[in-house]
Amino acid sequence: MKFSAYSKESGGGAGKPDIRKAVKKIRDLVLYAKEEPEPFRIKLEKTFSSLFVPAKVDCSTENIADIPCDIFLPEISSATRLILYIHGGSFVGGSRRSWRSFCASFATESTSRLILPEYRLAPQHAYPAALEDIQTVFRTIFDRITESGINSPEIIVAADGSGASIALAFVQTLKMPFRQFIKNIVLFSPWLDISTSSPNISNKKASDGIITADSLRRSADLYTYESNLCNPLVSPLYIASEKLNDFPPVFIQCGGSELLLEDARKFHRKLTANGCICTLDIWPDMIFMFQMAHEYLPQAHFAVQRAGKYIQTYYMKQDE
């Protein structure tokens, strides 16, 4: 499969999708205006938690610098490639258990070892706690990689939803020579602008049936204070052009029905205008984080497969 700076909008797979049930499930990923954090976390865990991973994937748990992490090792994987995955959950929810099945599938499709940290959650641990946890995990695993004798590690930062804000903040804070080891960024349905000036928040009626203006505002309020919402470490759409020098290639996968799709397009335009490589992979009629509703949407599996294929194809090209 050939990938370019802007991919052609993608088709789905075989089988009849059940959008209604998919929407009902995916809504449990989103904190709504009248929800409190703890009931939201319990609901998310109940819907998405899994004790099992796909066959032929080894999953182990380890504290990396005192931060609990799941480590996924597919049966077939690159010896030098590692994905650092930052889960979504509206900044307030989510865990290793609730992202375990998705991350195991992504690790398999990308033939990559994957580390999934359980970072601290808002509002008990507001910005920048989650970012600091990811930085700590990265420093530790980077030291381990270099001590093992791998001179050119291939580290990929991947994330979904609100986790994309944290992931892009992390990459922005990396200084050379560390940033050169981040070879790719992969984002699923990313949250890129949670500022009060965002049309998705300022328009109180904005909604796609899953994400609403109120849900974004509620999550943003719990994550950080209002005057910090335009900080590019919180809303990556505000990243300055000079900060994009030597920025890693970015792959963004979104559903065509997402409220946040226009933000993804804006980010794509900003990156490419500044000489960065960015692939935008849009799946028509699909919803926010449809990839996590695989039992109702046949397209979900093919989308994760495509993201994994992007990673494999990218590294095959580098080796040519």
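Calculation notes
Residues numbered from 1 in each chain as written. Predicted model: local features only at pLDDT ≥ 70, side-chain atom pairs only at ≥ 80, totals over all residues. Heavy atoms only, no water. Pairing = 2+ DSSP bridges. Helix = DSSP H or I, 4+ residues; strand = E, 2+ residues; numbered from the N terminus. Axes fitted to C-alpha atoms, helices over the stretch in contact; angles between N-to-C directions. Contact = heavy atoms within 4.5 Å. 1 Å grid on protein atoms, 1.4 Å probe; cavity = no way out; pocket = protein on both sides within 12 Å on 5 of 7 lines; lining within 4 Å. Points joined across faces, edges and corners; volume = space filled by probe spheres on them. Nonpolar A, V, L, I, M, F, W, Y, C, P; charged D, E, K, R; others polar. Buried < 20%, exposed > 50% of the residue type's maximum accessible area, 1.4 Å probe, protein only. Arc of directions from axis to C-beta. Core = buried A, V, L, I, M, F, W, Y, C linked by side-chain atoms within 4.5 Å. pLDDT = per-residue confidence, 0-100.

**Here we look at the sheet that holds strand β8 (residues 278-283)**
For step 1, the next point in the chain: Strand order in the open sheet formed by eight strands is β1-β2-β4-β3-β5-β6-β7-β8, and the pairing between neighbours is mixed. The open sheet has two free edges, formed respectively by β1 (57-64) and β8, since each of these has just one partner strand. Averaged over all neighbouring strand pairs, the angle between strand axes comes to 20°, with direction disregarded.
For step 2, the next point in the chain: Two elements, strand β6 (residues 182-188) and strand β7 (residues 250-255), share four bridges in a ladder whose sense is parallel. When the sheet's bridge partners are listed, Phe188 is paired in β7 with Gln253.
For step 3, the next point in the chain: Helix α3 (residues 96-110) rests against β1, β2 (67-74), β3 (81-86), β4 (113-117), β5 (154-160) and β6 of the sheet, and its axis sits at about 35° to β2.

**Side note on empty space enclosed by the protein**
For step 1, the next point in the chain: Evaluation of the coordinates by the stated rule reveals one cavity of 30 Å³ or more.
For step 2, the next point in the chain: There is about 40 Å³ of room inside the largest cavity.
For step 3, the next point in the chain: Taken together, Leu29, Gly88, Gly89, Ser90, Trp99, Asp160, Gly161, Ser162, Trp191, Phe288 and Met289 make up the lining of the largest cavity.
For step 4, the next point in the chain: Residue classes in the lining of the largest cavity are distributed as five nonpolar, five polar and one charged.

**Observations concerning helix α1 (residues 19-26)**
For step 1, the next point in the chain: Every buried residue of α1 is accounted for by Ala22, Lys25 and Ile26. Down the axis, α1 shows its buried residues gathered within 90° of arc, on one side only. Exposed residues lying more than 90 degrees from the buried face of α1 are Arg20 and Lys24.
For step 2, the next point in the chain: Considering only its buried residues, α1 is in contact with α2 (37-48).

**Describing the nonpolar core**
For step 1, the next point in the chain: Ranked by size, the top nonpolar core spans 111 residues in total, and within it Ile26, Tyr85, Phe106, Phe170 and Phe247 carry the most contacts.
For step 2, the next point in the chain: In terms of residue count, the dominant contributor to this core is helix α4 (residues 129-147) (eight residues).

**A short note on unusual backbone geometry**
Generally, phi is negative for residues other than glycine and the peptide bonds are trans, each holding for most cases.
For step 1, the next point in the chain: In this structure, the amide linkage connecting Ala122 to the following residue, Pro123, adopts the cis form with an omega of 0°.
For step 2, the next point in the chain: In this chain, Tyr127 is followed by Pro128 through a cis amide linkage whose omega measures 10°.
For step 3, the next point in the chain: Its place among the elements puts Pro128 in the loop between β4 and α4.
For step 4, the next point in the chain: Positioned with a positive phi, Asp66 is a non-glycine residue whose angle comes to about 70°.
For step 5, the next point in the chain: Secondary-structure assignment places Asp66 in the loop between β1 and β2.

**Points about the confidence of the model for the protein**
For step 1, the next point in the chain: Residues at a pLDDT of 70 or more form 93% of the protein, whose mean pLDDT is 92.
For step 2, the next point in the chain: Low pLDDT, under 50, characterises residues 1-14; the stretch is placed with 39 contacts to residues that sit more than four places away or in other chains.

**Some thoughts on the pairing of β4**
For step 1, the next point in the chain: Burial within β4 is extensive, with four of its five residues counted as buried.
For step 2, the next point in the chain: Sheet topology note: the β2/β4 ladder contains four bridges and is antiparallel. The residue bridging Asp70 from the neighbouring strand is Leu116, located in β4.
For step 3, the next point in the chain: Across three bridges, the pairing between β3 and β4 is parallel. Pairing of Leu84 across the sheet is with Ile115, part of β4.

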